Amino acid sequence: MNASHTSDPNESIDTTLCILGASGDLTSRLLLPALGQLLMEDPHRRVRLVGAGMDDWDDEKWRDIVRKSFASAKAEGDTVKGVREHTTYRRTDITDSDDFAGLLKECQGRVALYFAVPPAIAAKGCRALEKVDLPEGLILALEKPFGSDEKSAHALNEQLTTLVPEEQIYRIDHFMGRSTVLNVLGLRFANRVFEPVWSNEHIESVAIRYDETLGLEGRAGYYDNAGALIDMIQSHLLQVLAVVAMDPPATLDAVDFRDAKGAALRATEVWDEDAAAHSRRARYTAGSIDGRDLPNYVDEPGVDPSHDTETLAEVTFAVETSRWAGVPFTLRSGKALGEKVSEIVMRFKDVSHLPGGFEGSTEPSVLRLSLGPDRMSLELNLNGPGDPFHLDRASLEAEFGEGERRAYSEVLEGILDGDPTLSVRGDTAEHCWRIVQPVLDAWRSGAVPLEEYPAGSSGPKGWPSLDNGAAVEKHVTES
Ligand code: BG6
């Protein structure tokens, strides 16, 4: 194709974003639409895009993928067009140092290498980089899972810091780019009415829940070796917990914000240090969701039943700080459930004294923050119409509207601007493994049964509802 309709954006490039694993689903479905959105928002960005992968593609094939992905984000304008027309593809084996060196020679300006490849390949790629002359300021962006346990995450961190300093390593967790997660900061810190009650003095329990209606979606190769605990709780939901539980940082810059998150996670451990008593796991069986039939998980192509992979996980954690001691944080996530429920639920304590004479609802107040669609509600007991001594449940609701930014746009912006605030710091990535390790051990030893639930249901029978907060019954009263 003749690439001369637009001025050549390669002339004065600030950053080359080089996507490793260019032919993968993550690239076309999430990264490229996010890039398109950023380029449209700020047409002054001087970005060059390079795709690299093992497929024998030419530039035309790659440009076609880029065009479709940008179109899916309705990304238009001269800058979008320029990047699309001048992007190139290079067949590269990133585990081979010479190949990698050749790829880096094609990049201009500050280079960001985005590893959109499985973690084992990313680790091999980083090893290959040890023998390559690296450009100044090189950024390394890595997708989750970061390692496969605390030890391997530590080893990967050591390896990465021999290549570039920590500030240039971006461990991606796209939940940190979600508008609702960031809204928690505004709600807490910009409203005097919330921050003073954000502690064990007033909060009884916290539930962070991400129930999905999607099943395996052909991802057995990855998911059957991860499961819900590693796929969602070890990474995304612990990051959300950190934002909810952290002490107020002085600023929201990368150092203060990540210090505050890191301190909260350093203080986090399984409730009562008893993973067998405070975790649950289950796997879906055949069922249907919105008229869509799903097979039994173990009959999905590529699944090995001997892995005992859970598709629904729930764990209660304690954050051992003076602010949160005694408050259970229950994190749950699962696939093939009947309803999509993604929310943070903060359940308040009972009032210290309810004057005699009231009737009706005396349920404690509940603050609910939905993670897409972005919405918050504060459920309260109010004097309803009619008898003024009768309390009715009422809900103050606010819609945040659809976040204008995609989560991946927030994350990519950090990479392009050299701001690691939303990426996971190395020590924190290791702590997230340390936190879930007792659960993995308890499950592997068989101390927690692998239960079942039909696809399309709300989970196994007998699991306490998290609708109004954490499962305090099992986790507190009985322990
Ligand atoms: C991914 C998990 O990181 O996050 C998926 O691997 C999960 O299993 C997804 O479905 C959920 O995030 P989102 O933003 O797609 O709802």
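Residues numbered from 1 in each chain as written. Predicted model: local features only at pLDDT ≥ 70, side-chain atom pairs only at ≥ 80, totals over all residues. Heavy atoms only, no water.

Quick look at the overall build of the chain
Stage number 1. The secondary structure content of the chain amounts to 13 helices and 19 strands.
Stage number 2. The C-alpha radius of gyration of the chain comes to 24 Å, within 12% of the 23 Å expected for a compact globule of 479 residues.
Stage number 3. When its C-alpha atoms are laid out on the principal axes, the chain stretches across 80 × 50 × 45 Å.
Stage number 4. The buried share among the 479 residues of the chain stands at 54%.
Stage number 5. Long-range pairs, those at least 24 residues apart, make up 77% of the contacts in the chain with a sequence separation of at least 6.
Stage number 6. When the accessible surface of the chain is summed, it comes to about 20,500 Å², and 49% of that surface belongs to carbon and sulfur atoms.
Stage number 7. Looking at the chain, you have 49 positive and 80 negative side-chain charges, and the mean spots of the two groups are 3 Å apart. (Helix = DSSP H or I, 4+ residues; strand = E, 2+ residues; numbered from the N terminus. Rg over C-alpha atoms; globule rule 2.2 N^0.38 Å. Buried < 20%, exposed > 50% of the residue type's maximum accessible area, 1.4 Å probe, protein only. Contact = heavy atoms within 4.5 Å. Areas by Shrake-Rupley, 256 points an atom, 1.4 Å probe, with all protein chains shown as cover. Lys, Arg positive; Asp, Glu negative; His and termini not counted. Charge placed at Lys NZ, Arg CZ, Asp CG, Glu CD.)

Some details on the nonpolar core
Stage number 1. Phe100, Leu113, Phe115, Leu140, Phe329 and Ile344 are the most contacted members of the largest nonpolar core, which totals 107 residues.
Stage number 2. With 13 residues, the single largest contributor to this core is helix α9 (residues 227-245).
Stage number 3. Sequence-distant contacts of leucine 113, defined by excluding residues within four places in its chain, comprise Cys18, Leu20, Phe100, Leu104, Leu129, Leu138, Ile139, Leu140 and Ala141.
Stage number 4. Among the nonpolar cores identified, the runner-up in size contains 32 residues, and Val47, Val80, Tyr170 and Ile415 belong to it. (Core = buried A, V, L, I, M, F, W, Y, C linked by side-chain atoms within 4.5 Å.)

Topic: the environment of histidine 236
Stage number 1. For histidine 236, the location among the structural elements is in helix α9.
Stage number 2. The class of histidine 236 is buried, set by a relative accessible area of 3%.
Stage number 3. For the pair histidine 236 and histidine 174, spaced 62 residues apart in the sequence, the C-alpha separation amounts to 7.7 Å.
Stage number 4. Discounting residues that sit within four places of it in the chain, histidine 236 has contacts with Lys144, Asp173, His174, Phe175 and Asp231.
Stage number 5. A polar atom in the side chain of histidine 236 sits 2.8 Å from the side chain of aspartate 173. (Polar contact = N/O pair within 3.5 Å; in protein donor to acceptor, adjacent residues only side chain to side chain.)

Structural notes on the packing of α9 against helix α12 (residues 426-444)
Stage number 1. Axis separation between α9 and α12 bottoms out at 10 Å; the angle between their running directions is 140°. By the criterion of interaxial angle, the relationship of α9 to α12 is oblique. Here the hand of the crossing between α9 and α12 comes out right-handed. For the pair α9 and α12, contact is made by Leu229, Ile230, Gln234, Leu238 and Gln239 and by Thr428, Ala429, Cys432, Trp433, Ile435, Val436, Val439, Leu440 and Trp443, respectively.
Stage number 2. Counted by class, the contact of α9 with α12 contains 11 nonpolar, three polar and no charged residues. (Axes fitted to C-alpha atoms, helices over the stretch in contact; angles between N-to-C directions. Parallel < 35°, antiparallel > 145°, perpendicular 65-115°, else oblique. Left-handed = near helix turned anticlockwise from the far one by under 90°. Nonpolar A, V, L, I, M, F, W, Y, C, P; charged D, E, K, R; others polar.)

Quick look at the site of the ligand
Stage number 1. Within the structure, the ligand sits among Lys144, His174, Phe175, Arg178, Tyr210, Glu212, Arg219, Asp231, Met232, His236 and Lys335.
Stage number 2. Here lysine 144 contributes a side-chain N or O atom positioned 2.8 Å from an oxygen atom of the ligand.
Stage number 3. Between an oxygen atom of the ligand and a side-chain N or O atom of glutamate 212, the distance comes to 2.6 Å.
Stage number 4. Out of a free accessible area of 390 Å², the ligand has 74% covered by protein chains.
Stage number 5. Looking at which element gives the most residues to the shell around the ligand, the answer is α9, with three residues.
Stage number 6. Broken down by class, the residue content of the shell around the ligand amounts to three nonpolar, two polar and six charged. (Near = heavy atom within 4 Å.)

Observations concerning helix α1 (residues 25-41)
Stage number 1. Its 17 residues place the ends of α1 24 Å apart at the C-alpha level, agreeing with the 24 Å of an ideal helix rising 1.5 Å per residue.
Stage number 2. Along its length, α1 reaches its greatest deviation from straightness, about 35°, at leucine 31, and the proline proline 33 lies no more than four positions downstream.
Stage number 3. Every buried residue belonging to α1 is among Leu26, Thr27, Leu31, Leu32, Pro33, Ala34, Leu35, Gly36, Gln37, Leu38 and Leu39, and all of these are buried. (Expected span 1.5 Å × (residues − 1). Bend = angle between axes of the 7 residues up to and from the residue.)

Observations concerning a negative patch on the surface
Stage number 1. On the surface, Asp272, Glu273, Asp274 and Glu320 cluster together into a negatively charged patch.
Stage number 2. Turning to its location among the elements, aspartate 274 is positioned in the loop between β8 (268-270) and β9 (279-285).
Stage number 3. For aspartate 274, a relative accessible area of 32% gives the class partly exposed. (Patch = residues over 30% accessible without salt bridge, like charges linked within 9 Å, V, L, I, M, F, W, Y side chains within 5 Å. Salt bridge = Lys/Arg side-chain N within 4 Å of Asp/Glu carboxyl O.)

Here we look at the pairing of strand β13 (residues 329-334)
Stage number 1. β13 sits mainly inside the fold: six of its six residues count as buried.
Stage number 2. Judged by which residues are buried, β13 turns out to be covered on both faces: Phe329, Leu331 and Ser333 on one side and Thr330, Arg332 and Gly334 on the other are all buried.
Stage number 3. Where strand β7 (residues 203-211) lies against β13, six bridges are found, and the strand directions are parallel. Bridging across to β13, arginine 209 finds its partner in arginine 332. (Pairing = 2+ DSSP bridges.)

A closer look at the sheet that holds strand β1 (residues 15-20)
Stage number 1. Taking strand neighbours across the sheet as the criterion, the six strands line up as β3-β2-β1-β4-β5-β6 in an open arrangement whose pairing is parallel. One side of each edge strand has no neighbouring strand; the edge strands of this open sheet are β3 (88-91) and β6 (169-171). Between one strand axis and the next, the sheet turns by 20° as a mean value, whatever way the strands run.
Stage number 2. Contacting β1, β2 (47-53) and β4 (110-115), α1 crosses the sheet at an angle of about 165° to β1.
Stage number 3. On the sheet, helix α5 (residues 119-129) packs against β4 and β5 (139-142) and is oriented at approximately 145° with respect to β4.

Some points on the pattern of salt bridges
Stage number 1. This model, assessed by the stated rule, comprises 31 salt bridges.
Stage number 2. Its salt-bridge partner being glutamate 204, residue arginine 347 comes within 3.0 Å of it at the nearest N-O pair. Of the two residues, arginine 347 sits in strand β14 (residues 341-348) while glutamate 204 sits in strand β7, which places them 143 residues apart along the sequence.
Stage number 3. For arginine 347, a relative accessible area of 15% corresponds to the buried category.
Stage number 4. Exposure remark for glutamate 204: the relative accessible area of 24% places this residue in the partly exposed category.
Stage number 5. Put simply, arginine 332 and aspartate 211 hold a salt bridge, and the shortest N to O gap is 2.8 Å. Of this pair, arginine 332 sits in strand β13 while aspartate 211 sits in strand β7; the two residues are 121 residues apart in sequence, bridging distant segments of the chain. Each member of the pair arginine 332 and aspartate 211 is classed as buried.
Stage number 6. A network of salt bridges, in which partner residues are shared, links Glu41, Arg45, Arg405, Glu410, Glu413 and Asp417.

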